[in-house]
Amino acid sequence: MSSTFLGMPGDFPANAARAVQDSQLRYNLRKATHTIRGKRAAVVDELPDWRELRAAGKAIKDETLRHLDRYLLQMEEAVTRAGGHVHWARDAAEANRIVADLVKATGETEVVKVKSMATQEIGLNEALAAEGITAYETDLAELIVQLGDDFPSHILVPAIHRNRAEIREIFLDKMGDAPPGLTDEPAALAEAARLHLRERFLRSKVAVSGANFMIAETGTLVVLESEGNGRMCLTLPETLISVVGIEKLLPTWRDLEVFLQLLPRSSTGERMNPYTSTWTGSAEGQEFHLVLLDNGRTDVLADEVGRQALRCIRCSACLNVCPVYERAGGHAYGSVYPGPIGAILTPQLRGMSSKLDASLPYASSLCGACYDVCPVAIDIPEVLVDLRAKAPHGAAERAGMRVAGWILDDQARLARVQRAAVRLRRLAPKRLPGPLSAWTDTRDLPEIPEESFRDWWEQEG
């Protein structure tokens with residue numbers, strides 16, 4: 001199962017209520033999301049065929065998901081043919097056990113990691129630590145999160161909730177080899193991280209990665225990143241272990257061309273990604289293992305409405321335009337997948353048995369901005385509404401909906417209720433009582449007009 005951030009309150013409303021009181025957090029989020037949003041809009045507007053690219057990305061993903069079983073077997077055959085080893089993991093526990101056993105077989109007690117949401121999803125770092133293996137994050141933002149004993153709060157920029165002054169303090173306090181005169185200038189912080197990581201790159205014999213895409217036709221894995229740390233992890237160690245969700249497949253090498261245009265523009269607002277690394281099987285003496293992760297994905301695939309969440313290419317465009325995320329931040333979602341995509345993906349992967357997961361489909365205003373910017377046209381509002389219908393509902397809410405359905409099902413009945421409401425409008429409370437009070441905790445009860453539209457129409461028509 002996906003891991004839940006420890007120490008989080010019971011549901012999204014409680015988390016969000018606490019987050020919106022943090023003015024520094026709101027400032028950090030607003031500044032970062034607006035900057036990325038503006039860059040994305042500029043580079044997307046440059047392409048006259050962006051809508052066609054978006055439609056192509058959606059079509060490719062849908063084709064892959066429709067025949068996922070066939071493409072997964074094709075991927076396994078291609079990787080094996082190229083000298084790699086393929087492992088199948090049905091859940092987090094199985095994936096963690098596979099990776100831990102592979103690392104222990106090398107005799108090593110530490111690994112370097114490329115930024116990977118799949119390994120965060122299964123809690124790999126914690127699982128390895130329980131086996132006496134230390135995992136070192138090498139992505140700058142992930143390094144900040146790890147050194148700060150923190151949790152990621154954004155898909156693309158995990159430390160988006162931190163400003164550079166806070167990052168400087170984390171480095172000085174936790175990095176050990178940080179220069180004593182370190183300033184909060186971005187170049188100085190990046191250089192301190194570079195020097196800190198260099199020794200690890202040269203020393204580590206095992207690396208763990210995810211992948212942005214897998215090509216079934218050739219058995220190739222693809223990682224896009226901006227710093228070069230991924231390239232170091234993928235090439236220097238003697239053993240490379242990649243943990244990848246089964247939905248990351250693309251059928252052919254030609255399909256990759258579409259996503260190499262969609263992803264950089266939607267994520268970092270760049271025309272081309274600075275570092276795009278590809279590898280096929282074992283190369284240059286390196287031993288390669290691919291762990292194909294299910295962890296609830298086949299259950300999502302079985303849902304006719306919800307399966308479109310598996311199209312996601314983790315670009316974070318939906319987070320950067322979401323008014324709810326901008327104010328509440330990523331930690332409020334209690335998952336490694338925050339924002340609108342997390343609100344539909346996490347409850348499907350984990351189920352909605354917990355109070356937190358049942359609340360996530362309601363972490364949205366349904367404004368539709370997330371759908372407008374999604375490069376693979378995931379209709380997030382549609383899935384949110386579908387999940388709300390499937391979420392557990394209290395007895396009072398179920399009773400209220402039954403009464404409403406009974407009234408709205410008959411015109412004459414509705415007219416009588418409307419006229420009664422008009423006559424009793426002065427007695428209407430400002431807040432609903434008892435278990436219904438949650439509705440008026442966050443909104444005003446609409447005033448009942450002096451005359452119903454039905455009666456006005458009869459008189460004026």
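See the structure printed just above.
In what follows, the accompanying structure is described. The structure presented is a predicted model; accordingly, all values stated were derived computationally and were not measured.

1. Regarding the overall build of the protein
Stage number 1. Looking only at helices and strands, the protein features 23 helices and 10 strands.
Stage number 2. On C-alpha atoms alone, the protein measures out to a radius of gyration of 25 Å, which is about the 23 Å that the 2.2 N^0.38 rule sets for 461 residues.
Stage number 3. Overall size of the protein, expressed as C-alpha extent along the three principal axes, is 85 × 55 × 45 Å.
Stage number 4. Across the 461 residues that make up the protein, the buried fraction comes to 51%.
Stage number 5. Looking at the protein alone, contacts between residues at least 24 apart form 74% of all its contacts between residues at least 6 apart.
Stage number 6. Accessible area for the protein stands at about 21,800 Å²; split by element, carbon and sulfur atoms hold 54% of it.

2. Looking at the pattern of salt bridges
Where charged atoms from two side chains of opposite charge come close, those side chains can pair.
Stage number 1. On inspection of all chains with the given rule, the structure shows 27 salt bridges.
Stage number 2. Each member of the salt-bridge network shares a partner with another, and the members are E121, E247, R297 and R314.

3. Side note on a nonpolar patch on the surface
Stage number 1. A cluster of nonpolar side chains, L202, M232 and L236, forms an exposed patch at the surface whose accessible area comes to about 280 Å².
Stage number 2. Mapped onto the secondary structure, L202 falls in helix α10 (residues 186-203).
Stage number 3. A relative accessible area of 63% places L202 in the exposed class.

4. Focus on the layout of surface pockets
Stage number 1. Its volume calculated, the second largest pocket comes out at about 1,400 Å³.
Stage number 2. Lining the second largest pocket we find 30 residues, and of these Y362, E397, A438, W439 and R443 sit closest to its centre.
Stage number 3. Tallying contributions element by element places helix α20 (residues 395-408) first for the lining of the second largest pocket, with five residues.
Stage number 4. Here the lining of the second largest pocket is built from residues that sort into 16 nonpolar, seven polar and seven charged.

5. Considerations on the sheet that holds strand β3 (residues 134-137)
Stage number 1. What the six strands build is an open sheet, ordered β1-β10-β7-β4-β2-β3; its pairing is parallel. The open sheet is flanked by β1 (85-89) and β3, the only strands paired with a single partner. On average, adjacent strands in this sheet sit at an angle of 25° to one another, irrespective of strand direction.
Stage number 2. Across four bridges, strand β4 (residues 206-209) lies against strand β7 (residues 239-245) in parallel orientation. Paired with S209 across the two strands is S242, which belongs to β7.
Stage number 3. On the sheet, helix α4 (residues 68-81) packs against β1 and β10 (287-293) and is oriented at approximately 145° with respect to β1.
Stage number 4. Along the sheet, helix α5 (residues 92-106) makes contact with β1, β2 (110-113), β4, β7 and β10, crossing β1 at roughly 145°.

6. Notes on the state of the cysteines
Stage number 1. Under the counting rule described, the total for this entry stands at zero disulfides.
Stage number 2. Here C318 stays unpaired: no disulfide links it, and the sulfur of C315, its closest cysteine neighbor, is 6.4 Å away.
Stage number 3. Of the cysteine sulfurs around C370, a residue in no disulfide, the closest is that of C367, at 6.1 Å.

7. A short note on the sheet that holds strand β6 (residues 220-225)
Strands belonging to one sheet form pairs held by backbone hydrogen bonds; the direction of such a pair is parallel or antiparallel.
Stage number 1. The four strands lie next to each other as β8-β5-β6-β9, forming an open sheet whose pairing is mixed. The open sheet has two edge strands, β8 (249-250) and β9 (275-280), and neither has a second partner.
Stage number 2. Bridge count for strand β5 (residues 213-215) against β8 is two bridges, and the pairing is parallel. From the neighbouring strand, I215 faces β8, where its bridge partner is L250.

8. Section: the packing of helix α8 (residues 140-147) against helix α9 (residues 164-174)
Stage number 1. Remark: α8 packs on α9, axes separated minimally by 10 Å, with the N-to-C direction vectors making an angle of 60°. Comparing their axes, α9 and α8 come out oblique. Between α8 and α9 lies a crossing of left-handed hand. Residues L140, I144 and L147 of α8 form the contact with α9, whose participating residues are I167, I170, F171 and K174.
Stage number 2. For the contact of α8 with α9, the class distribution of residues is six nonpolar, no polar and one charged.

Analysis parameters
- Residues numbered from 1 in each chain as written.
- Predicted model: local features only at pLDDT ≥ 70, side-chain atom pairs only at ≥ 80, totals over all residues.
- Heavy atoms only, no water.
- Helix = DSSP H or I, 4+ residues; strand = E, 2+ residues; numbered from the N terminus.
- Rg over C-alpha atoms; globule rule 2.2 N^0.38 Å.
- Buried < 20%, exposed > 50% of the residue type's maximum accessible area, 1.4 Å probe, protein only.
- Contact = heavy atoms within 4.5 Å.
- Areas by Shrake-Rupley, 256 points an atom, 1.4 Å probe, with all protein chains shown as cover.
- Salt bridge = Lys/Arg side-chain N within 4 Å of Asp/Glu carboxyl O.
- Patch = residues over 30% accessible without salt bridge, like charges linked within 9 Å, V, L, I, M, F, W, Y side chains within 5 Å.
- 1 Å grid on protein atoms, 1.4 Å probe; cavity = no way out; pocket = protein on both sides within 12 Å on 5 of 7 lines; lining within 4 Å.
- Points joined across faces, edges and corners; volume = space filled by probe spheres on them.
- Nonpolar A, V, L, I, M, F, W, Y, C, P; charged D, E, K, R; others polar.
- Pairing = 2+ DSSP bridges.
- Axes fitted to C-alpha atoms, helices over the stretch in contact; angles between N-to-C directions.
- Disulfide = S-S within 2.5 Å.
- Parallel < 35°, antiparallel > 145°, perpendicular 65-115°, else oblique.
- Left-handed = near helix turned anticlockwise from the far one by under 90°.

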